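# Analysis of the macromolecular model
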Amino acid sequence: MRQEDRPSSRRSRLTRRGRLALFLGILLGLGAAVLIPLLPGEAPPEQPRRLLIPEGWRAPQVYAAVDRELKLPPGSTRKAAATAALPLPAEAKGNPEGYLFPATYPVTSKSTPVALLTYMVETANRKLATKPVADGGKAHGMTPYQTATLASIIEAEADTAADMGKVARVVHNRLAKSMPLQMDSTINYALGRNTVDTKLSDTHIDHPFNTYERQGLPPTPIDSPGLRAMAAAVAPTPGDWLFFVTVKPGDTRFSATYEEHKRHVAEFNQHRAAAAAPAPRTP
């Protein structure tokens with residue numbers, strides 16, 4: 001090893017200015033809070049930036065956010081995810097959808113797409129392994145992957161956090177009765193969109209995520225669920241509901257019968273029509 005490549009054996013020492021600052025700090029009662037000047041040539045520690053991944057984001061949204069934060073060409077994180085050995089369950093078949101856990105992650109100049117995605121997946125695995133979620137999932141006969149899939153539907157369908165337990169109950173009740181879930185959120189996922197306007201023709205598309213025509217859970221999660229959605233998936237609110245519709249923001253109606261549900265849907269359509277109508281002209 002060349003002499004210039006050898007690590008220095010000298011211990012870091014305070015400069016004369018640094019010793020003076022420390023002495024004054026002690027005199028003033030500042031103790032450990034005093035700021036000590038850096039040695040000449042020593043760089044200050046890098047302050048991590050924050051990358052926020054909100055609840056309900058789909059994998060493409062997460063990939064795009066990582067590209068932006070790391071200042072990479074669009075599509076870089078998607079390509080990295082396709083070849084990364086992420087710690088996913090075998091059921092996922094390498095698809096991280098549903099396991100990019102929503103949270104705030106630290107980002108530095110050394111961060112890479114694979115490192116960030118791995119951190120997100122490991123966080124999701126930890127949340128799904130917490131005792132209430134893991135035990136609740138087993139009680140319902142669900143694997144952690146199925147719990148993540150159900151939680152992703154709850155995340156997409158519930159208008160408020162308070163509604164999550166009821167949405168979960170509707171899903172469980174439908175599964176128990178071998179009824180198709182008929183969730184618009186899975187249709188939206190199939191079509192790569194996000195809307196409350198689902199047409200009759202949409203419900204007839206030939207697609208694995210069409211839960212109007214296919215029974216059971218969709219083949220994968222449809223977004224990144226948070227811990228509240230996971231908790232609701234394994235501990236649904238008691239009830240006999242089989243239907244629900246959000247008539248207007250903050251007003252979701254849950255029904256046990258189709259007749260009652262139809263009345264709520266009629267109210268929803270009235271509100272939608274009123275919102276779309278042009279404002280009256282004033283003289």
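Shown above is the structure to which this text applies.
Fair warning: this is a prediction, and the values are worked out from it, not measured in the lab.

Cut-offs used in this document
- Residues numbered from 1 in each chain as written.
- Predicted model: local features only at pLDDT ≥ 70, side-chain atom pairs only at ≥ 80, totals over all residues.
- Heavy atoms only, no water.
- Helix = DSSP H or I, 4+ residues; strand = E, 2+ residues; numbered from the N terminus.
- Expected span 1.5 Å × (residues − 1).
- Buried < 20%, exposed > 50% of the residue type's maximum accessible area, 1.4 Å probe, protein only.
- Phe/Tyr/Trp six-rings, centres within 6.5 Å; stacked < 30°, edge-to-face > 60°.
- Axes fitted to C-alpha atoms, helices over the stretch in contact; angles between N-to-C directions.
- Contact = heavy atoms within 4.5 Å.
- Nonpolar A, V, L, I, M, F, W, Y, C, P; charged D, E, K, R; others polar.
- Salt bridge = Lys/Arg side-chain N within 4 Å of Asp/Glu carboxyl O.

The terminal C-alpha atoms of helix 4 (residues 113-129), which comprises 17 residues, lie 24 Å apart, in line with the 24 Å expected from a rise of 1.5 Å per residue. Among all positions of helix 4, only Pro113, Leu116, Leu117, Thr118, Met120, Val121, Thr123, Ala124 and Leu128 are buried.

With that out of the way, let us pick up the packing of aromatic side chains. Under the defined criterion, the tally for this structure stands at six aromatic pairs. Both rings, one in Tyr105 and one in Tyr119, keep their centres 5.1 Å apart while their planes meet at 75°; by these two values the pair is edge-to-face. Taken together, the residues span a long stretch of sequence, with Tyr105 in strand 2 (residues 104-107) and Tyr119 in helix 4 at a distance of 14 residues. Using a relative accessible area of 2% as the deciding quantity, one classes Tyr105 as buried. For Tyr119, a relative accessible area of 35% corresponds to the partly exposed category.

Two elements in contact, helix 2 (residues 59-70) and helix 3 (residues 76-83), have axes whose closest approach is 7 Å; the angle formed by their N-to-C orientations is 120°. Facing Pro60, Tyr63, Val66 and Asp67 of helix 2, the residues of helix 3 in contact are Ser76, Thr77, Arg78 and Ala81. Classifying every residue of the contact of helix 2 with helix 3 gives four nonpolar, two polar and two charged.

A few words now on the pattern of salt bridges. Summed over the entire model, instances satisfying the criterion amount to eight salt bridges. Of the charged contacts, one joins Asp202 and Arg193 as a salt bridge, the two residues approaching to 2.8 Å between their closest N and O atoms. Across the pair Glu267 and Arg253 runs a salt bridge whose closest N-O atoms are separated by 3.1 Å. Residue Glu267 is found in helix 10 (residues 258-276), and its partner Arg253 is found in strand 4 (residues 251-255); the two are separated by 14 residues along the sequence. Glu267 sits in the partly exposed class, given a relative accessible area of 28%. Taking relative accessible area as the criterion, Arg253 reaches 21% and is therefore assigned partly exposed. Ionic contacts of the salt-bridge type, sharing partners, join the residues Asp251, Arg253 and Glu267 into one network.

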